[in-house]
There are 2 protein chains.
Amino acid sequence: MDNWKENLRDIEPYVPGEQSKEKNIVKINANENPYPPSPEAIKAIREFKSENLRFYPDANATAFKRALAEFYGVLPENIFLGNGSDDVLALCFQAFFNGKKPIAFPDITYSFYPVWCRLFGIPFINYPLKDDFRINVDDYKAENGGVVIPNPNAPTSLGEGKDFINNLMEYNRDCVVIIDEAYVDFGGYSCVELTKKYENLIVTGTFSKSRSLAGLRIGYAIGSRALISTLEAVKNSYNSYTVDSISMAAGTAAIKDRDYFNSTTAKVIATRERVIKELRALDFLPLESQTNFIFTAHKSANMKDYFEWLKSQKVFIRYFDLPRISNYVRVTVGTDAEMDIFLEKTREYLNKRN
Amino acid sequence: MDNWKENLRDIEPYVPGEQSKEKNIVKINANENPYPPSPEAIKAIREFKSENLRFYPDANATAFKRALAEFYGVLPENIFLGNGSDDVLALCFQAFFNGKKPIAFPDITYSFYPVWCRLFGIPFINYPLKDDFRINVDDYKAENGGVVIPNPNAPTSLGEGKDFINNLMEYNRDCVVIIDEAYVDFGGYSCVELTKKYENLIVTGTFSKSRSLAGLRIGYAIGSRALISTLEAVKNSYNSYTVDSISMAAGTAAIKDRDYFNSTTAKVIATRERVIKELRALDFLPLESQTNFIFTAHKSANMKDYFEWLKSQKVFIRYFDLPRISNYVRVTVGTDAEMDIFLEKTREYLNKRN
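Residues numbered from 1 in each chain as written. Chains lettered and ligands numbered in written order. Predicted model: local features only at pLDDT ≥ 70, side-chain atom pairs only at ≥ 80, totals over all residues. Heavy atoms only, no water.

1. Some points on the packing of helix α3 (residues 84-96) of chain A against helix α6 (residues 225-236) of chain A
Residue and element names in this part refer to chain A. Where α3 contacts α6, the axes come no closer than 9 Å and their chain directions differ by 100 degrees. Considering the angle they form, α3 stands roughly perpendicular to α6. Contacts between α3 and α6 involve L91, C92, Q94, A95 and F96 on the former and, on the latter, L227, T230, L231, V234 and K235. Residue classes in the contact of α3 with α6 are distributed as seven nonpolar, two polar and one charged. (Axes fitted to C-alpha atoms, helices over the stretch in contact; angles between N-to-C directions. Helix = DSSP H or I, 4+ residues; strand = E, 2+ residues; numbered from the N terminus. Parallel < 35°, antiparallel > 145°, perpendicular 65-115°, else oblique. Contact = heavy atoms within 4.5 Å. Nonpolar A, V, L, I, M, F, W, Y, C, P; charged D, E, K, R; others polar.)

Put into structure tokens, the structure is as follows:
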């Protein structure tokens, strides 16, 4: 009697990143965009006919897929939508990796990949990044059950170009390759064009970073009709309606507003380059970022101590107590005003040490 | 080369119900609510500060869980939230049924249950409903790996009471029992109170029916702290942010507006009772519904033919070409005006036959 716990699945819980409710903080720890969503997206929400929420969303997401297809120069049937790119990636892992052969991804990368592998029973191999934190493409020339590469990678902020992807794809014709482009809009190379060349290449993206819509949970994947229809089948075996009606309306408006997208991503990039320059002048060793965050060590300062002191000063950055990167911090690019406070506090910290 | 399809998972696609984009139709085929969401929910959406969508949602859903807990007389830690009740139920199947022993559910029930079992590798046994479509509780007095009972059941519309649930729970202490209460607010018995008595009982609910928010994708589960924390662990291994910020704001406002909820559910029930009476007068054999839909056969008419003729007349009801129920139809309770059109067309169909 009362042995019901024996029938439960054995799950190792994942601990999500810290969120603070405090006011007057500089919150540059979650890679959120410092600028609000497009005014067109805000207008679409304001004008949304909420009476119609009594209906289920359009399961085909016709208007939204059409707008995304137009932006990316593909067809609507090459687009899959999900409840944030975590949902899309988790479904990709379920759909494309049957667990017979191990899949490959870097040792330092998005922390959800191994979590999904464990949840879905998929064996995996971690290939160590090179000493400069670049991906060694030759590692991936193996008999993989699948490959997952975030490009640019997180938290390293480093991106790879077209030659890298072509090279990777030429040696991985027998498995699905996922390129996770969550951060690509801040100066990275997007391989969406290569999905037309490689039927086994799938590219994932999110509205949480460059589109400033983390609060609405919109993710997508772009790939061949074969891959997308497989994803749709898995999704329809799980939950037919994952993207809600308001999110679709806001997402459609956001993707159509190219000017706002271009101007806000350009602002983030300009701020990032300025901050990187200032950090270098303060003996930091930031990597060449193609993302909306900066990954950096310092010539002499202890980054865990620095992270904790900044926290005490209400400046929240991110620290990972993990092998190889335990003396690095990840700093999201905020507004210029936020970054000025961050730099001021950084100088204060460095002076305090001397 | 190019054998990548061999590495894919083998999935049997699920085909979701039909949705029509046509105008001027009577759409009583998807169990949607005929009334708009609470004015308070609409106001919460209109007043939502969309600039803040650049932030991730509150992963703890503090305000929303508090409002739900207050409504149901439980604590916030007894509440789990998801992206529609399909998401919540799918996570329950993953979390609570480890596949070692078969789980049990009725032969005629929500069509997603066997789909999830196949997706997650959970064996199952279907116990046939009795001839009157009631559930035989004695069938479930077995060594189950888990039990899933929708109460009221769909598409039968029949509900069971407190004695049935107590009886079921007393004989199932060694597995988790899920009671899916998607339709309970239209006159059924909710066993939320019994989650305090049985630590292995979990109750699921949705905002898509009685709260008129199908477009926003909000589902929940209520249960012991042990069950809820297991669900949270599985969810956090999959996707940390499943309910978006606007959905939480609208959901919180909707749950607080008890008057609107009481008046719209009462209107649906009153319309249902009137339509059932009128259908009986036309020689239909509707079951005693405790839901927002009517499940009925007819003394002489062929229900598939009737369903198809109504469709040609732009009145969309639901027909299931399945064993035992292939001469039944499911009719969602719409507004009185919609049901008058439905009844008029029904009379026209019956006269045409004579």
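2. Comments concerning the state of the cysteines
Residue and element names in this part refer to chain A. In this structure the tally under the stated criterion is zero disulfides over all chains. C117 supplies the cysteine sulfur nearest to C175, a cysteine that is in no disulfide, at a spacing of 13 Å. A relative accessible area of 2% places C175 in the buried class. (Disulfide = S-S within 2.5 Å. Buried < 20%, exposed > 50% of the residue type's maximum accessible area, 1.4 Å probe, protein only.)

3. Details of the sheet that holds strand β12 (residues 329-332) of chain B
All names here are of chain B. The antiparallel open sheet is built from three strands, whose spatial order is β9-β12-β11. Here the strands that pair on one side only, and so sit at the sheet edges, are β9 (293-296) and β11 (318-319). Note that β9 and β12 share four bridges and pair antiparallel. Opposite F295, over in β12, you have R330 as the bridge partner. (Pairing = 2+ DSSP bridges.)

4. Examining the pairing of strand β8 (residues 219-223) of chain B
All names here are of chain B. Counted residue by residue, β8 has five buried out of five residues, so it is predominantly covered. Pairing analysis gives four bridges linking strand β2 (residues 79-82) to β8, with the strands arranged antiparallel. Residue pairing for β8: I79 is matched across the bridge by I222. In this sheet, β8 lies alongside strand β7 (residues 201-206) in antiparallel orientation, the contact comprising five bridges. Within β8, the position partnered with G205 by the bridge is Y220.

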